[in-house]
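# Reading the structure
Here's the letter readout for the chains.
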Amino acid sequence: MSETKPFKTILYATNLGAHMRPVFRQAISIARIHKAKIIMLHAVAPIGTTGQAILSMYLPDREVHEIEQESMNQVIETMRERLKNYCAEEDDVCKDKDELIDKIAVSAGNPADVINHYAETHHVDLIVIGTHTRKSKDGLLGSTARYVTQHSKAPVLVVPNG
């Protein structure tokens, strides 16, 4: 039987919702115990082919790319702002966040695919994800959490949040 390796890199997948706080608390707690680093990841839906077609009719491809990049940067700033606000309210949880949070990342695509791909390409040891994207009484897991648990090569901790 193979030995369990320690968690050194934890991927905290977030949709930036207020109901994600229990998931973040869990990621922080595990990072402290294992002296691990956290990567905060938010997946955004891509513009899509219809949106791309409409934009390309009016803007050069270079400008479309710049708009996409600017949008990603705005999401990262939103993540930083929400983290700052959360930590102002829950100082005990965040007292050492600067040592624990290694990176804040945003990637475009289907959230489940983005999470699994990011985890694999960044050699993540553990994925921490909430049960649902939105508050829901339907089923035990939302579609993203279900897909990630079924297809991830890394262990996944699913935290109730809905």
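One can find the structure itself at the top, above this paragraph.
A brief report on the enclosed structure follows. Just so it is clear, the structure is predicted and the values come from calculations on it, not from any experiment.

For the rest of this paragraph, the subject is helix α6 (residues 111-121). One turn of an α-helix holds 3.6 residues; hence residues three or four places apart share an orientation. Those residues of α6 lying buried are Ala-112, Val-114, Ile-115, Asn-116, Tyr-118 and Ala-119. Buried residues along α6 sit against β1 (9-13), β2 (37-44), β3 (101-108), β4 (126-130) and α7 (143-151). For α6, the capping residue at the N-terminal end is Asn-110, with a side-chain oxygen 3.0 Å from the backbone nitrogen of Ala-112. Positive phi shows up at His-123, right after α6, with a value of about 50°.

Here we take up the layout of surface pockets. If you add up the space inside the second largest pocket, you get close to 230 Å³. Lining the second largest pocket are 13 residues; nearest its centre among them are Leu-16, Gly-17, Arg-82, Leu-83 and Tyr-86. Broken down by secondary-structure element, the contributors of at least two residues to the lining of the second largest pocket are α1 (21-34) and α3 (61-89). When the residues that make up the lining of the second largest pocket are grouped by side-chain class, the tally is nine nonpolar, two polar and two charged.

Next up on the list: a nonpolar patch on the surface. A grouping of Ile-54, Met-57 and Tyr-58 is seen on the molecular surface, where their side chains present a nonpolar patch of about 390 Å² in accessible area. Mapped onto the elements, Ile-54 comes out in helix α2 (residues 48-58).

In terms of nonpolar packing, the biggest core is built from 31 residues, with Ile-10, Tyr-12, Phe-24, Ile-38 and Met-40 touching the most fellow members. Among the elements of the structure, β1, α1, β2, α3, α4 (91-94), β3 and β4 are those that each provide at least two residues to this core. In terms of residue count, α3 provides more of this core than any other element does, seven residues in total. By size, the runner-up hydrophobic cluster in this structure holds 16 residues, among which are Ile-39, Val-114, Val-124 and Val-148.

Attention now goes to the packing of α2 against α3. One can describe the packing of α2 onto α3 by two numbers: an axis separation of 8 Å at closest approach and a directional angle of 125°. By the criterion of interaxial angle, the relationship of α2 to α3 is oblique. With respect to the hand of their crossing, α2 and α3 are arranged in right-handed fashion. Residues Gln-52, Leu-55 and Ser-56 of α2 lie in contact with α3, whose contacting residues are Asp-61, Val-64 and Glu-68. For the contact of α2 with α3, the residue count by class is two nonpolar, two polar and two charged.

Let us look at the packing of α6 against α7. Between α6 and α7, the least distance of the axes is 9 Å, while the angle of their chain directions is 35°. Read as a crossing pair, α6 and α7 show a hand that is right-handed. Each of Pro-111, Ala-112, Asp-113, Ile-115 and Asn-116 in α6 lies in contact with α7, whose residues at this interface are Thr-144, Tyr-147, Val-148 and His-151. When grouped by side-chain class, the residues that make up the contact of α6 with α7 number five nonpolar, three polar and one charged.

This part covers α3. For α3, which comprises 29 residues, the first-to-last C-alpha distance of 42 Å matches the rise-based estimate of 42 Å (1.5 Å per residue) to within 8%. Within the span of α3, buried status applies to Val-64, Met-72, Val-75, Ile-76, Met-79, Leu-83, Tyr-86 and Cys-87. On the buried face of α3, the contacting elements are α1, β2, α2, α4, α5 (97-100) and β3.

Quick look at the pairing of β2 now. The element β2 is largely enclosed, with a buried count of seven among its eight residues. Read as a crossover between parallel neighbours, the route from β1 over α1 to β2 is right-handed. Summarising the sheet, β2 and β3 pair through seven bridges and their orientation is parallel. From the neighbouring strand, Val-44 faces β3, where its bridge partner is Ala-108.

What counts, and at which threshold
- Residues numbered from 1 in each chain as written.
- Predicted model: local features only at pLDDT ≥ 70, side-chain atom pairs only at ≥ 80, totals over all residues.
- Heavy atoms only, no water.
- Buried < 20%, exposed > 50% of the residue type's maximum accessible area, 1.4 Å probe, protein only.
- Helix = DSSP H or I, 4+ residues; strand = E, 2+ residues; numbered from the N terminus.
- Contact = heavy atoms within 4.5 Å.
- Polar contact = N/O pair within 3.5 Å; in protein donor to acceptor, adjacent residues only side chain to side chain.
- 1 Å grid on protein atoms, 1.4 Å probe; cavity = no way out; pocket = protein on both sides within 12 Å on 5 of 7 lines; lining within 4 Å.
- Points joined across faces, edges and corners; volume = space filled by probe spheres on them.
- Nonpolar A, V, L, I, M, F, W, Y, C, P; charged D, E, K, R; others polar.
- Patch = residues over 30% accessible without salt bridge, like charges linked within 9 Å, V, L, I, M, F, W, Y side chains within 5 Å.
- Areas by Shrake-Rupley, 256 points an atom, 1.4 Å probe, with all protein chains shown as cover.
- Salt bridge = Lys/Arg side-chain N within 4 Å of Asp/Glu carboxyl O.
- Core = buried A, V, L, I, M, F, W, Y, C linked by side-chain atoms within 4.5 Å.
- Axes fitted to C-alpha atoms, helices over the stretch in contact; angles between N-to-C directions.
- Parallel < 35°, antiparallel > 145°, perpendicular 65-115°, else oblique.
- Left-handed = near helix turned anticlockwise from the far one by under 90°.
- Expected span 1.5 Å × (residues − 1).
- Right-handed = clockwise from strand over helix to strand, strands pointing away.
- Pairing = 2+ DSSP bridges.

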